[in-house]
Structure formats: C-alpha cells, structure tokens
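Coordinate inspection notes
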Amino acid sequence: MSTANKPLDVAIIGAGFAGIGAAIRLRQKGITDFVILERDERVGGTWRDNTYPGAACDIPSRLYSYSFAPNPDWSHTYSGSAEILRYIETMVDGFGIRPHIRFGHTVTGLEFDEATGLWTVGLADGRPKLRARSVVLASGPLANPGFPNIPGLDRYEGHRIHSARWDHDYDFTGKKVAVIGTGASAVQIIPELVRKAGSVKVFQRTPGWVLPRVNRRTNGLTKQVYRQVPGAQSLAREAWFWGHESVALGVVWKSPLTRVVEQVALAHLRGQVRDPWLRRQLTPDFRAGCKRLLISNDYYPALQAENCKLVTWPIAAISPQGIRTAEGIEHRADCIVFATGFEISKQGTPIPVIGRDGRVLADEWRGGAYAFKSVTVAGYPNLFLTFGPNSGPGHNSALVYMEAQIDYLTDAIGLILDRDLRMLEPRRERQDRYNARLQRRLAATTWNSGCRSWYLTEDGFNATMYPGFGTQFARQLAGVDLADFELTTRDTVVIR
Ligand code: NAP
C-alpha cells in the first residue's frame, strides 16, 4: 500500500455497504493500491449507527445484500440490524478488505489538480493529506442525524436520543417517553418502546402509508438448500427482485395501480385499527409512494396499547420538561426520542469538493444536485459517487442499485489505470441531456406528486430518486460507454 507521499490509485471515503462493496470489486479486478478512509472505528455505516431497538431492513435480506456475496444463513426474511452488520463485517474479512481500512480518518475536503490528474484528500486531526488518482465518495446520504428546527430544543432538560445514535445505557423502564416522527425508523422503534417504557406519546406530523410485513424465520432445511443447491440463492434473489420490480408501476409512477397499493394499506389499517377516529388520524392524504412506504405489522397495534397515545397537534415548542403542542398542552417527558431522519445535503456536498479550474461542487449544486447517471459529474474528473444524485429506488433494494453503481465505477477506474489516463470526465452535454430527461420523467412520479419528504429540496426539486425500474437503472450502468466521456492522457491528448 502507498505511503502518504506516493499517490494511491484509489481513495474510498466511507466503510459502509457502498465503500466495502467498491473495495471488494476493485480487488476482484486486481486493483489493490487503495485505502478506505473511515471516520469511525468500525465498518458498517448505516448499520453500525442505527442500532435502535427494532432496527431492521424492510427489504428482504436475500435482496438487501450483494449478489457477489450471497449469505445462505440469513435468519429471517427481513433481518435485524445486528445481523446485517455481521454480514458486512464477514465480507470485510472474507474478501481481505480490512488491511485497506484506515479507521478514525475523517475526510475534510477534496481538491483536484488538473496538471497531475490527482485528487488531494484533506484529513482532520492534523493527519497528512493523501493524493489519489481516483476518489470514490461513499459517505452515504443518511450518515448524520437530523434534529428538527423546533424552538426550545436546547432548553430541554430531559434525556434525548436520536434514532441513529441510540443510547443503549438509558433505562426506559417506567419512563415517560415522547417520540417525534412517524417515518421508517419510528415505526420500528415505537413497538419496542411501548413494551419497555411507562408511557409513550407519539408526535405525528404526517401519517404514512403502512403495508403489512410477513417475516418468516428461515429454517435449517432451507439454509441447507441455499448452501448446497447451486443457483438456489440467486434464484430466490431473482424472485424477490422481480416481485419488487412489479410494484414499481404502482409505487414509482402515479397510476391506477397506486390506488391498489393504497387499498391494500387501507385494508391493513382497517384490519388493525378499530377506532374510526384513530383510523382517520392515521390515514394519509398524499399518494402512496410519495413518501417512503412503511412496512410493519406491529406499529398500529403498538399505537393502541394502553400506555401509548398518538398526538396529532403540531408541536409548538420544546420546553425544559417536555413538548408543548399548538393547542397549549405541555406533554411532560423524561426522554424525547427523535426519529426525525437525517441531515441531507441535496443542495450541497457532505464535504467541500473542488474540481477542475477551482469550481466548487456545492456551488454548482446550489439549486439541487445532479450528476451523470448518478455516478460521475462534469468538471470533477476521476471522482465517483455512490448513492449520488437520483440513484434512490422507491420500490426495490438499494443494494441492487448500489451494486450497479459499484460495477460501473470500478470499470471506469480500471480504464483510468489501464490506459494511464490523467482525466476521465463525463461530457457536459451528455450530462445535461441525461438530467433534462430525468427531470421530465420525475414529473410523472409519486415522489413529485405533492408531499413533503427528504427526497425533495425546499423548492420541490428531486435530486434523490431514480424515476424508473431497477432494471433500467442497472442497464444504463452496465459498462462504461466511452462516448459519454472525455478521456485525457498524461501528455494532454484528449481522446474523442
Ligand atoms: P424520515 O423518513 O425522514 O422521517 C422523519 C420523521 O420525522 C417524519 O415522520 C417527519 O414528519 C418527522 N419530523 C421531522 N421534523 C419534524 C418536526 N419538526 N415536527 C414533527 N415531526 C417531524 O426519517 P427516518 O424514519 O429515519 O427514515 C429515513 C430514511 O432512512 C428512510 O426513508 C429510509 O430510506 C431509511 N430507513 C430505512 C429503513 C429500512 O427498513 N430499510 C428503516 C429506517 C430508515 P413529516 O413526514 O411530516 O416530515
């Protein structure tokens, strides 16, 4: 591995699912001169950070994993966060990635030098800068907890916990707990809290669409089949993939099938909630799919437990003792759980990125982020994004999308090294055409149908989701089309 002085072939930022996946694919291509810079002391990203009680993935594990690292031992259809973290750690050791990881390395910024074709990677804590021919920015969109902008937040004297930084030492027994938020994290946390706490008040701003979840334990025989029958795991994965793909018509696009999804969710609500007033409070007023669909069998029952209460009055302020709602009631709480999502930089970048000619990516993205096929950006050669702009699925596994991005970017990095390129950069006109089409297609999607969600900027620009099938997303990334890029060799020859 290179020293700080000798440029690396690749610097990967982040040891979550994406960074580890990219590292595995690089090694499989014979590219070994790379490091993974990880700010924490452990791998796993989202699955290291989200350890709240009930944390699990609402996509089946067979599909929420890499096809190149099948796991016959998933314990359930939908696995919990600890098992997913174990899966990531097993990959890290099984594929020989650990020696490449530099823990406790926080990246502070990236700057490209056109003359040498190298990125300089700034590091916190006085560590020397690194240089690399390519950078993979795999820091993840959901890495930093987001607290709501509610007056009085700083004056609260009780205990506060964010869903993505759980405090396992706090004893909820007998405590008065308030939960703010009713999104994907909250619906997993609330049933667990209701079992432990004295009382739970759930502060809901917007009710979501909730679909039933059928979670089965995988028995020994099935695991045996996965282990011994060639192709059994990939067949099961394909079946799950196409099952999810088929719901895109109702979840991604506003269509008559969206009504079908809504009817299934309403039947689930009617089946689980008897009280018509509560049902009304829990009935969404936006199209299914617009916000992330929630998948739970125990959320509605938990809300109806004796020690749980749904509060739908808007929060006016946080007081030293609890939460004050708009009608003037103060709800005292020993602890407030913030299931309020993440700080998301749709209009900026997680770290400063300076590209060719001193351009600043955050400035270019001020109106909303955009990229070419979500992975590369004109003006920022040899920089590769995972979970970049418009790479999110609403109906299928993020890991399928991630795998497509990783294969694409590792092919491109292979090209840079094989041809000894100084710069590989998407052509701006191709990028513009790609995004114009993308935004036209987004207009017909459920996400852009008029609800507030973390997918959209304040102005309603969708820089997050990919408007199509997973198959389309993967197909557009199947191999690097040289016509999309400007390639510059070391002696400044531009290959057109
Ligand atoms: P989220 O979806 O952004 O939900 C945040 C919740 O907090 C929403 O209910 C929001 O209400 C509420 N909120 C925010 N500010 C508020 C305020 N000032 N007053 C009252 N309520 C407020 O966050 P999340 O649940 O952590 O999920 C984020 C993403 O993580 C998901 O979309 C998903 O991609 C991922 N995730 C996945 C899984 C999984 O199983 N795969 C599980 C958890 C999370 P509004 O709806 O009114 O804005």
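Report on the accompanying structure. Being a predicted model, the structure only gives us computed values, none of them experimental.

**Here we look at the sheet that holds strand E12 (residues 308-311)**
The strand order E7-E16-E8-E9-E12 describes an open sheet built from 5 strands, whose pairing is parallel. This sheet does not close on itself; its edge strands, each paired only once, are strand E7 (159-162) and E12. Strand-to-strand, the axes of this sheet are offset by a mean angle of 20°, without reference to chain direction.

**Quick notes on the site of the ligand**
The environment of the ligand is made up of 24 residues, and the closest members are Asp-58, Ser-185, Thr-206, Lys-291 and Trp-454. Here Ala-56 contributes a backbone N or O atom positioned 3.1 Å from an oxygen atom of the ligand. Here an oxygen atom of the ligand sits 2.7 Å away from a polar atom, N or O, in the side chain of Lys-291. Protein chains shield 84% of the accessible area of the ligand, which is 910 Å² for the free molecule.

**So, the packing of helix H1 (residues 17-28) against helix H12 (residues 398-418)**
At a minimum axis separation of 9 Å, H1 and H12 run at an interaxial angle of 45°. The angle between H1 and H12 falls in the class oblique. Both H1 and H12 take part in a crossing whose hand is right-handed. Between H1 and H12, the contacting residues are Phe-17, Ala-18, Gly-21, Ala-22, Arg-25 and Leu-26 on the first element and Leu-399, Met-402, Ile-406, Asp-407, Thr-410 and Ile-413 on the second. A breakdown of the residues in the contact of H1 with H12 according to their chemical character gives 8 nonpolar, 2 polar and 2 charged.

**Here's the deal with unusual backbone geometry**
Although it is not a glycine, Asn-382 adopts a positive phi angle of roughly 60°. A relative accessible area of 1% means that Asn-382 is categorised as buried.

**A closer look at the sheet that holds strand E14 (residues 322-325)**
Ordered in space as E13-E14-E15, the 3 strands form an open sheet in which the pairing is antiparallel. Each end of this open sheet is capped by a strand with a single partner; those strands are strand E13 (315-318) and strand E15 (330-332). With strand direction ignored, the average angle separating the axes of adjacent strands in the sheet is 25°. Looking at chain direction, E14 and E15 are connected through 3 bridges and run antiparallel. Each bridged residue has a counterpart across the sheet, and for Arg-324 the counterpart in E15 is Glu-330.

**Focus on helix H6 (residues 232-246)**
The terminal C-alpha atoms of H6, which comprises 15 residues, lie 21 Å apart, in line with the 21 Å expected from a rise of 1.5 Å per residue. Among the residues making up H6, those that are buried are Ala-232, Gln-233, Ala-236, Arg-237, Phe-241, His-244 and Glu-245.

Rules of the game
Residues numbered from 1 in each chain as written. Predicted model: local features only at pLDDT ≥ 70, side-chain atom pairs only at ≥ 80, totals over all residues. Heavy atoms only, no water. Pairing = 2+ DSSP bridges. Helix = DSSP H or I, 4+ residues; strand = E, 2+ residues; numbered from the N terminus. Axes fitted to C-alpha atoms, helices over the stretch in contact; angles between N-to-C directions. Near = heavy atom within 4 Å. Polar contact = N/O pair within 3.5 Å; in protein donor to acceptor, adjacent residues only side chain to side chain. Areas by Shrake-Rupley, 256 points an atom, 1.4 Å probe, with all protein chains shown as cover. Parallel < 35°, antiparallel > 145°, perpendicular 65-115°, else oblique. Left-handed = near helix turned anticlockwise from the far one by under 90°. Contact = heavy atoms within 4.5 Å. Nonpolar A, V, L, I, M, F, W, Y, C, P; charged D, E, K, R; others polar. Buried < 20%, exposed > 50% of the residue type's maximum accessible area, 1.4 Å probe, protein only. Expected span 1.5 Å × (residues − 1).

No statement about biological role is implied by the geometric values presented.
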